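Spelled out from the first residue to the last, the chains are:
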Amino acid sequence: MGFDQAGKALARLDSLLTYPPRDRMPCLLIYGDTGMGKTKIVRKFERAHPPKFCQVKGVDHRPVVVAQVPSEPIERDLYREVLAAMGAPAMAGGTLAREKDVCRSLLRTVEAKMIILDEVNGMLAGTFRQQRIFLNAIRFLANDLRIPLVCAETYLARQALLTDAQLAERFEAFHLTSWQNDAAFAGLLKSFERILPLRQASDLMSAETRTRIHNLTSGVTARIFRLIETAAEDAIRTGKERIDVESFGDGLVLPLVSMTQVPRRRGKRSPHPAVA
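Since we're looking at a predicted model, the values are computed, not measured.

1. Comments concerning the sheet that holds strand β7 (residues 171-176)
Taken in spatial order, the five strands line up as β4-β5-β6-β1-β7 in an open sheet, and their pairing is parallel. Each having just a single partner strand, β4 (64-68) and β7 make up the two edges of the open sheet. Each neighbouring strand pair of the sheet contributes to a mean axis angle of 20 degrees, computed without reference to strand direction. In this structure, strand β1 (residues 27-32) lies alongside strand β6 (residues 149-153), joined through four bridges in parallel fashion. Following the sheet pairing, Leu 28 is matched in β6 by Val 150.

2. Let's talk about the packing of aromatic side chains
For the coordinates displayed, the defined rule picks out two aromatic pairs. With centroids separated by 6.4 Å and ring planes inclined at 50 degrees, the aromatic side chains of Trp 179 and Phe 185 adopt a geometry described as tilted. The two residues Trp 179 and Phe 185 agree in class, both being buried. Summarising the aromatic geometry, the rings of Phe 192 and Phe 225 are spaced 4.9 Å apart at their centres and angled 70 degrees between planes, so their arrangement reads as edge-to-face. Of this pair, Phe 192 sits in helix α8 (residues 183-195) while Phe 225 sits in helix α10 (residues 221-238), and the two are 33 residues apart along the sequence.

3. Section: the pairing of strand β5 (residues 114-118)
With respect to burial, β5 is a largely interior element, five of its five residues being buried. Here β5 shows a buried face lined by Met 114, Ile 116 and Asp 118 and a second buried face lined by Ile 115 and Leu 117. Relative to β5, β4 is paired through five bridges, and the arrangement is parallel. From the neighbouring strand, Val 65 faces β5, where its bridge partner is Ile 115. The sheet contact formed by β5 and β6 spans four bridges and is parallel. By the bridge assignment for β6, Leu 117 is matched with Cys 151. Regarding topology, helix α5 (residues 128-145) serves as the crossover connection from β5 to the parallel β6, and that connection is right-handed.

4. Description of the pattern of salt bridges
This model, assessed by the stated rule, comprises 13 salt bridges. With its nearest N and O atoms 3.9 Å apart, the salt bridge here joins Asp 23 to Arg 146. You can see Asp 23 sitting in the loop between α1 (4-17) and β1 and its partner Arg 146 sitting in the loop between α5 and β6, a full 123 residues away along the chain. According to the relative accessible area criterion, Arg 146 is partly exposed, its value standing at 36%. With its nearest N and O atoms 3.1 Å apart, the salt bridge here joins Glu 99 to Arg 80. Of this pair, Glu 99 sits in helix α4 (residues 96-109) while Arg 80 is found in helix α3 (residues 75-85), placing the two residues 19 residues apart along the sequence. According to the relative accessible area criterion, Arg 80 is partly exposed, its value standing at 39%. What you see here is one network of salt bridges that share partners, running through Asp 101, Arg 104, Arg 108 and Asp 144.

5. Description of the environment of Lys 100
Positionally, Lys 100 belongs in helix α4. Judged by relative accessible area, which is 22%, Lys 100 ranks as partly exposed. C-alpha of Lys 100 to C-alpha of Leu 78: the two residues are 22 residues apart in sequence and 9.3 Å apart in space. In contact with Lys 100, not counting residues within four places along its chain, are Glu 75, Tyr 79 and Phe 140.

6. A few points about the confidence of the model for the chain
Of the residues in the chain, 90% have a pLDDT of 70 or more, and the chain-wide mean is 84. Looking over the chain, one finds the lowest element-wise mean pLDDT in helix α11 (residues 250-256), namely 61, and the highest in β4, namely 94. Confidence over residues 262-276 falls short of pLDDT 50; this stretch has 24 contacts with residues more than four positions distant or in other chains.

Rules and cut-offs
Residues numbered from 1 in each chain as written. Predicted model: local features only at pLDDT ≥ 70, side-chain atom pairs only at ≥ 80, totals over all residues. Heavy atoms only, no water. Pairing = 2+ DSSP bridges. Helix = DSSP H or I, 4+ residues; strand = E, 2+ residues; numbered from the N terminus. Axes fitted to C-alpha atoms, helices over the stretch in contact; angles between N-to-C directions. Phe/Tyr/Trp six-rings, centres within 6.5 Å; stacked < 30°, edge-to-face > 60°. Buried < 20%, exposed > 50% of the residue type's maximum accessible area, 1.4 Å probe, protein only. Right-handed = clockwise from strand over helix to strand, strands pointing away. Salt bridge = Lys/Arg side-chain N within 4 Å of Asp/Glu carboxyl O. Contact = heavy atoms within 4.5 Å. pLDDT = per-residue confidence, 0-100.

Printed below as a string of structure tokens:
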């Protein structure tokens, strides 16, 4: 299931992939609340541009290299994650300079056109000095290879990148906003109605049902999918075989959203969801 924001993000990634090499390559930060689908977008883009084996060189050409930022912003670990993303064997006993050179060389060998770093929030786990070294390292890779750099994470990643003036200047920010209870949200629910594996037609389009789903999920994509999936499972288990506003009663919903909506006494939930 696709939606407008994801389509626009994928289109922007496609345009960066074909951007002609230059000294200061444009970069992109995809950020938003946890559960808005950042990693899904990255993985879909990666699948759309898979590695292709080159018979002449005997290597896989990887236009898109997707690596996860290490849990602590250590330069050596960054190169190791990028090497692992390309399927390179782990290096034992190599110096930092050696691992850096091997990483750069292999990226050129596989003809990488873009590096995507997921879970960028990991850089915030280190000291200020570690963060500066780490930011310098990713800027060096983008400059040296003359390819776009894409980062994906939450709002904290944007704050971290803003601490480096040179990186902030070249990074374009793409904000994945939460769903509003509008026509686009209704379209998403209509898509669900078409694909639900239930014997009876569901009612997700009524104003009451839409408002109930939106209030329970705060418009976060992952929560919406999980809520409807759980309601569908319950409909099959009980034999109801359809979803309507009654499907989202406290018996189903309360355990599901207990981490995002704190119940009040006497069974009432707070209308203000906690930060996830």
